[in-house]
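# Report on the structure
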Amino acid sequence: FSGYLKVRIGEAVGLQPTRWSLRHSLFRKGYQLLDPYVTVSVDQVRVGQTSTKQKTNKPTYNEEFSATVTDGHQIELSVFHDTPIGYDDFVANCTLHFQDLLRSAA
(Lines give C-alpha, C1' and ligand atoms only; values in the text may rest on other atoms or scores of the structure.)
Protein backbone atom coordinates (compact mmCIF):
# COMPACT_ATOMS: atom_id res chain seq x y z
CA PHE A 1 0.00 0.00 0.00
CA SER A 2 1.17 3.48 -0.83
CA GLY A 3 -0.90 6.49 0.11
CA TYR A 4 -2.40 8.44 2.97
CA LEU A 5 -3.33 6.41 6.06
CA LYS A 6 -5.84 7.70 8.59
CA VAL A 7 -6.56 5.58 11.70
CA ARG A 8 -9.06 6.34 14.44
CA ILE A 9 -8.65 4.53 17.76
CA GLY A 10 -12.07 4.36 19.39
CA GLU A 11 -11.88 2.08 22.42
CA ALA A 12 -10.45 -1.14 23.80
CA VAL A 13 -12.58 -3.72 25.61
CA GLY A 14 -11.84 -6.83 27.62
CA LEU A 15 -8.28 -5.90 28.56
CA GLN A 16 -6.74 -8.24 31.13
CA PRO A 17 -4.29 -7.31 33.91
CA THR A 18 -0.61 -7.92 33.22
CA ARG A 19 1.71 -9.92 35.49
CA TRP A 20 3.36 -6.70 36.65
CA SER A 21 0.08 -5.04 37.55
CA LEU A 22 -1.05 -8.14 39.45
CA ARG A 23 2.24 -8.34 41.37
CA HIS A 24 1.93 -4.75 42.50
CA SER A 25 -1.79 -4.83 43.20
CA LEU A 26 -3.36 -4.22 46.58
CA PHE A 27 -6.63 -5.60 45.21
CA ARG A 28 -7.79 -9.09 44.32
CA LYS A 29 -6.10 -10.38 41.19
CA GLY A 30 -9.15 -10.43 38.91
CA TYR A 31 -10.04 -6.81 39.62
CA GLN A 32 -6.79 -5.00 38.82
CA LEU A 33 -7.23 -2.03 36.50
CA LEU A 34 -4.70 -0.94 33.90
CA ASP A 35 -3.30 2.38 32.73
CA PRO A 36 -3.50 1.51 29.01
CA TYR A 37 -2.38 3.29 25.85
CA VAL A 38 -2.33 2.17 22.21
CA THR A 39 0.52 2.47 19.72
CA VAL A 40 0.00 2.50 15.95
CA SER A 41 2.85 1.18 13.78
CA VAL A 42 3.29 0.67 10.06
CA ASP A 43 5.87 -2.00 9.20
CA GLN A 44 7.31 -1.73 12.73
CA VAL A 45 7.68 2.07 12.57
CA ARG A 46 5.55 3.89 15.14
CA VAL A 47 3.31 6.52 13.56
CA GLY A 48 1.14 7.33 16.58
CA GLN A 49 0.36 6.76 20.23
CA THR A 50 -2.79 7.53 22.20
CA SER A 51 -2.90 9.19 25.56
CA THR A 52 -2.79 6.97 28.64
CA LYS A 53 -6.13 6.30 30.29
CA GLN A 54 -5.94 5.82 34.04
CA LYS A 55 -7.31 2.82 35.95
CA THR A 56 -9.55 1.17 33.35
CA ASN A 57 -9.83 -2.08 31.41
CA LYS A 58 -12.27 -0.47 28.93
CA PRO A 59 -10.55 2.76 27.80
CA THR A 60 -12.16 5.15 25.34
CA TYR A 61 -9.74 7.18 23.22
CA ASN A 62 -11.42 8.63 20.12
CA GLU A 63 -8.00 9.73 18.85
CA GLU A 64 -6.92 9.92 15.22
CA PHE A 65 -3.54 9.42 13.53
CA SER A 66 -2.42 10.07 9.97
CA ALA A 67 0.67 9.07 8.05
CA THR A 68 1.91 8.93 4.50
CA VAL A 69 2.80 5.33 3.67
CA THR A 70 5.12 4.17 0.91
CA ASP A 71 5.03 0.47 0.02
CA GLY A 72 3.52 -0.46 3.40
CA HIS A 73 2.70 -4.07 4.18
CA GLN A 74 1.00 -4.06 7.59
CA ILE A 75 -0.36 -1.93 10.39
CA GLU A 76 -0.05 -3.01 14.00
CA LEU A 77 -2.09 -1.78 16.96
CA SER A 78 -0.54 -2.60 20.34
CA VAL A 79 -1.86 -1.97 23.84
CA PHE A 80 0.55 -1.35 26.72
CA HIS A 81 0.11 -0.78 30.44
CA ASP A 82 1.95 2.38 31.49
CA THR A 83 4.18 1.35 34.39
CA PRO A 84 5.72 3.85 36.79
CA ILE A 85 9.17 2.19 36.71
CA GLY A 86 10.99 0.44 33.89
CA TYR A 87 9.51 -0.73 30.61
CA ASP A 88 5.77 -0.59 29.98
CA ASP A 89 3.94 -3.95 30.00
CA PHE A 90 2.63 -5.44 26.76
CA VAL A 91 -1.11 -6.20 27.01
CA ALA A 92 -2.38 -7.08 23.51
CA ASN A 93 -1.87 -6.45 19.82
CA CYS A 94 -3.48 -6.84 16.42
CA THR A 95 -1.76 -6.91 13.02
CA LEU A 96 -3.66 -6.07 9.86
CA HIS A 97 -2.22 -6.52 6.37
CA PHE A 98 -2.94 -3.68 3.95
CA GLN A 99 -3.60 -6.23 1.20
CA ASP A 100 -6.44 -7.76 3.26
CA LEU A 101 -7.86 -4.33 4.14
CA LEU A 102 -7.87 -3.23 0.50
CA ARG A 103 -9.46 -6.51 -0.61
CA SER A 104 -12.25 -6.25 1.99
CA ALA A 105 -12.97 -2.61 1.05
CA ALA A 106 -13.58 -3.48 -2.60
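Described in the following lines is the structure provided in the data block. Quantities reported herein were computed from a predicted structural model and do not represent experimental measurements. Numbers given for residues are sequential positions, taken from 1 along each chain in its written order. Where local features are concerned, this predicted model is filtered to residues with pLDDT of at least 70; where side-chain atom pairs are given and counted, the filter is 80 or more; whole-chain, interface and lining totals use all residues. Values shown for side chains rest on all heavy atoms present in the structure; no hydrogens or waters enter the calculation.

## Section: the environment of T56
For the record, the criterion: Only DSSP runs of H or I reaching four residues or more are called helices, and only runs of E reaching two or more are called strands; each is numbered from the N terminus. In what follows, a contact means two residues having at least one pair of non-hydrogen atoms within 4.5 Å.
Looking at the secondary structure, you find T56 in the loop between β3 (45–49) and β4 (60–69). For the pair formed by T56 and P17, sequence separation is 39 residues and the distance between their alpha carbons is 10.0 Å. Each residue touching T56, except ones within four places of it in the same chain, is listed here: L33, L34 and P36.

## Regarding the environment of V13
How we decide: In this scheme, a residue with accessible area under 20% of its type's maximum is buried, one over 50% is exposed, and one in between is partly exposed, where area comes from a 1.4 Å probe on protein chains only.
Following the sequence through the fold, V13 ends up in the loop between β1 (3–11) and α1 (19–23). On the basis of relative accessibility, which here comes to 58%, the residue V13 falls in the exposed class. Taking the C-alpha atoms as reference points, V13 and T56, 43 residues apart in sequence, are found 9.6 Å from one another. In this view, V13 contacts N57 and K58; residues no more than four positions away in its chain are not counted.

## With respect to the nonpolar core
For soluble globular proteins, nonpolar side chains are generally found buried alongside one another. To keep it simple, the criterion reads: What is meant by a nonpolar core is a set of buried Ala, Val, Leu, Ile, Met, Phe, Trp, Tyr and Cys residues, joined one to another through side-chain atoms within 4.5 Å.
Ranked by internal contacts, the top residues of the largest apolar core, which has 16 residues, are L5, I9, L15, I75 and F98. At the level of secondary structure, the elements contributing two or more residues to this core comprise β1, β2 (36–42), β4 and β5 (74–81). Those residues within four positions of L15 in sequence are excluded, and the remaining contacts are L34, P36, N57, P59, V79 and V91.

## So, the sheet that holds strand β6 (residues 89–97)
We count it as follows: The pairing criterion is simple: DSSP has to find at least two bridges between the two strands. Fitting a line to C-alpha atoms yields each axis, with helices limited to the stretch in contact; the angle taken between N-to-C directions then spans 0 to 180 degrees.
An order of β3-β2-β5-β6 is seen for the four strands of this open sheet, with the pairing classed as antiparallel. Whereas interior strands pair on both sides, the edge strands pair on one side only; in this sheet they are β3 and β6. Taking each pair of neighbouring strands and ignoring which way they run, the sheet shows an average axis angle of 25 degrees. Pairing of β2 with β3 involves four bridges; the strand directions are antiparallel. Bridge pairing links V42 to V45 in β3. In the packing of helix α2 (residues 98–105) onto the sheet, contacts are made with β2, β5 and β6, and the angle to β6 comes to roughly 55 degrees.

## Describing the pairing of β2
Working note: regular strand, side chains alternate between the two faces of the sheet. Among the seven residues that make up β2, seven are buried, leaving the element largely enclosed by the rest of the structure. Across the two faces of β2 the burial is the same, with P36, V38, V40 and V42 and Y37, T39 and S41 all buried. In this structure, β2 lies alongside β5, joined through seven bridges in antiparallel fashion. Looking at the pairing, V38 lines up with V79 of β5. The hairpin turn running from β2 into β3, its antiparallel successor, is two residues long, and D43 in that turn takes a positive phi close to 50 degrees.

## Examining the pattern of salt bridges
Short version of the rule: Basic side-chain nitrogens of Lys or Arg form a salt bridge, by our definition, when they fall within 4 Å of a carboxyl oxygen of Asp or Glu.
Counted according to the given criterion, the structure contains three salt bridges. As a salt-bridge pair, K6 and E64 come within 3.5 Å of each other at their nearest N and O atoms. Here K6 is found in strand β1, whereas its partner E64 is found in strand β4, with 58 residues between them in sequence. Note on K6: relative accessible area 53%, which makes it exposed. Taking the shortest distance from any N to any O, the salt bridge between R8 and E64 comes out at 3.4 Å. One end of the pair, R8, is in strand β1; the other, E64, is in strand β4, with 56 residues separating them in the sequence. Taken together, the salt bridges that share partners define one network made up of K6, R8 and E64.

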